[in-house]
Amino acid sequence: MAEKVRIYQLAKDLGVETKEMLTMLDDMGVEYKSHASSLEADVADTIRQLVEGDGASAASAGAAAATSDAGTVSGSAAAESAATEVATSGAAVAVAEAPTPAEVPESVPRVDRSHLSVRAPVVTVMGHVDHGKTSLLDHIRKTKVAAGEAGGITQHIGAYQAETPSGTVTFLDTPGHEAFTAIRQRGANATDIVVIVVAADDSIMPQTREAIAHAKAAKVPIIVAINKIDLPQAQPDRVMRDLMQVDLVPESYGGDTVVVPISAMTGEGVDDLLEMISLVAEVEDLRADPEASFEGVVVESVLDKRAGVLVTVLVREGTVRVGEYLISGEVWGKVRRLTDHTAATIDRAGPSVPVQVLGFSILPQAGETVVAVRDEASAKQITSERRLAREEFERESIGRKGLTLADLFGKPSTKTINLVLRADTQGSLEALKGVIEKAAATTEGVDVELMLAEVGAPSESDLLLASTGDATVMVFGVNPAGTVIKSAERQKIPLKTYKIIYDLIEDVQRMIRGQIEPEFEERILGQAEVRMVIKVPRSGNIAGSYVTSGTIRRGVRARLSRDGREVYKGTIAQLRRFKDDVREVGTGFECGINLQNYDNVQEGDIIEAYEMVEVPAG
């Protein structure tokens, strides 16, 4: 071989699993960063000879090892024998015992899980809005999820399982808008592999950088899919260069980041992407114990008008079964029905399987851990203890809050905007609350009070609450009943509905800006020097002046300085040029200035014209 070759490509050419290839390299003492690292030509040739030339001897060595525990081989022959044996016998235990730095962070204890069952990888697809995340998942699942999505945005997380040529893969679909940062971060922490979708005609955008940061923080492998390569304006090379600015160096540029050009519309490159996901999952050696105690994570929770509370749970360990009691945070429920991603009813779900649970009476928080408990009494006791602990903490926090002089004597230093917030899902509600709280926290003098923030359509009760608190009712993703709309109109209660989240956010920001007391600052218009005092009967003294800079205007504010000290502050009552009244006089011209209610002007005085302008809210 004359050129370098990627580890995973060499493994594919030789018909060996990638993790076995990594084990061979470990035994040979070859350093590498990940399965995407390049091997020198001579190293690749050596491995080829080991696998192809010594295959027969390796097979006999493996058989001998199975029948006898005795015997050692010294020197280079030992390393060669071990490497060949791994390549032909698939000893996964060796990988678990000697993980690479890329596979296991130093801070994570290395636990031998090689005896557990292999589970499907959980893949989170992230990226900027309109870069094609949902279209990619549509192509993989052969469905049309994007139809009907307002503004092309996936409004909350969905979990799906797909049968690919490389095996089963669980996909989490996270929103592309930056307002859903909290949901996206939970998605990264619940995943094994992140696929960052970048449009070839748009390159790296703010939400792309945000998604990459979350994936890095979660310490999960990143695969970049450059989408829309079928467009004539596509520039995949530009995307490659821009990726290096966020410390993702593509393989073609000598780095270790797997980058796959795709077209979600035509399907080009999608099979290559799935193959890369399979390779990364193989190296990660993802395993779980289906017989362990059940543990999962809440992906989404919604309040369905007919069924009630429906909770999407991703199983992380163990198996969830119908009839079990589950707790999540401060809420509990008994599993009455399990539904998989195809809407089929099932009686159990194992690791890496997303499942919809019917049985909770209260919506659990998205991102919360879900575990199984022994019985109903245990579920009630644990959730009750958690609730009491939280309430006690809140009481202590209130007690620790100190009073200020403004609290005792002064008038309130802040204005409050009251809102009643309704959303379609718990995940959307949390994201909206987070954005609203952030907007309020970064604006001095204005507080936003969420009088009510719940999932579901607004009711007459919400209007009653809004009327007592002079609040605005904001509804996202659900349609209010006609009777509620008419009642709001009759009572003159602001009721606003939204399908696109950034419309709601802009309205909240507009309301905040409207409550801020405007700040003003001086803007100097011009200066004039008094060179002659003209006495005019019945008009007072006129300052014969020469404009030295800017513009002097009639009716604006002015100050008069004498020997560096301000002696007058008022307005310019009259401005004349020769015998004519004028609106303004520019630099380099002479004029007559009459200051309102001031006659004591002297030669050498400086008249400065200025106006007060509003400072834009920061």
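Structure first, text after, so check above.
Only a predicted model underlies this, so the values are computations on that prediction, with no experimental measurement involved. (Residues numbered from 1 in each chain as written. Predicted model: local features only at pLDDT ≥ 70, side-chain atom pairs only at ≥ 80, totals over all residues. Heavy atoms only, no water.)

(A) Quick look at the overall build of the chain. Within the chain one finds 17 helices and 31 strands. The buried share of the chain, reckoned over its 618 residues, is 46%. Long-range pairs, those at least 24 residues apart, make up 70% of the contacts in the chain between residues at least 6 apart in sequence. For the chain, the accessible area works out to roughly 31300 Å², and carbon and sulfur atoms hold 49% of it. (Helix = DSSP H or I, 4+ residues; strand = E, 2+ residues; numbered from the N terminus. Buried < 20%, exposed > 50% of the residue type's maximum accessible area, 1.4 Å probe, protein only. Contact = heavy atoms within 4.5 Å. Areas by Shrake-Rupley, 256 points an atom, 1.4 Å probe, with all protein chains shown as cover.)

(B) Inspection of the packing of aromatic side chains at higher detail. Across all of its chains, the model carries two aromatic pairs by this definition. In this structure, Arg559 is placed above the aromatic ring of Tyr610, and the distance from its NZ or CZ to the ring centre is 4.3 Å. (Phe/Tyr/Trp six-rings, centres within 6.5 Å; stacked < 30°, edge-to-face > 60°. Lys NZ or Arg CZ within 6 Å of the ring centre and 35° of its normal.)

(C) A look at unusual backbone geometry. One non-glycine residue, Asp247, lies in the positive phi region at around 65°. Under the relative-accessibility criterion, Asp247 is labelled exposed at 63%. Although it is not a glycine, Lys492 sits at a positive phi angle of roughly 55°. With respect to the helices and strands, Lys492 occurs in the loop between α16 (482-491) and β23 (495-498). A residue is classified by how much of its surface remains accessible, and Lys492, at 72% relative accessible area, is exposed.

(D) Highlighting a nonpolar patch on the surface. Side chains of Met532, Ile534 and Val536 sit close together on the surface and give an oily, nonpolar patch of about 240 Å² of accessible area. On the secondary structure map, Val536 appears in strand β24 (residues 519-536). On the accessibility criterion, Val536 (31% relative accessible area) is partly exposed. (Patch = residues over 30% accessible without salt bridge, like charges linked within 9 Å, V, L, I, M, F, W, Y side chains within 5 Å. Salt bridge = Lys/Arg side-chain N within 4 Å of Asp/Glu carboxyl O.)

(E) Highlighting a negative patch on the surface. Residues Asp230, Glu268, Asp271 and Asp272 make up a contiguous surface patch of negative charge. Mapping Asp272 onto the fold places it in helix α11 (residues 270-284). For Asp272, a relative accessible area of 44% translates into the label partly exposed. (Lys, Arg positive; Asp, Glu negative; His and termini not counted. Charge placed at Lys NZ, Arg CZ, Asp CG, Glu CD.)

(F) Broad picture of the nonpolar core. With 41 residues, the main nonpolar core has Val320, Leu326, Val355, Val357, Leu419, Leu421 and Leu504 as its most contacted residues. Where this core is concerned, the elements lending two or more residues are β12 (308-317), β15 (331-339), β18 (354-360), β20 (415-423), α14 (426-441), β21 (446-455), β22 (472-476) and α17 (501-515). The dominant element in this core, judged by the number of residues it contributes, is α14, at six residues. Look past the residues within four positions of Leu326 in its chain and what remains in contact with it is Phe294, Val320, Val331, Trp332, Gly333, Val335, Val357, Phe360, Val370, Val371 and Ala372. (Core = buried A, V, L, I, M, F, W, Y, C linked by side-chain atoms within 4.5 Å.)

Coordinates in, geometry out; function isn't part of it.
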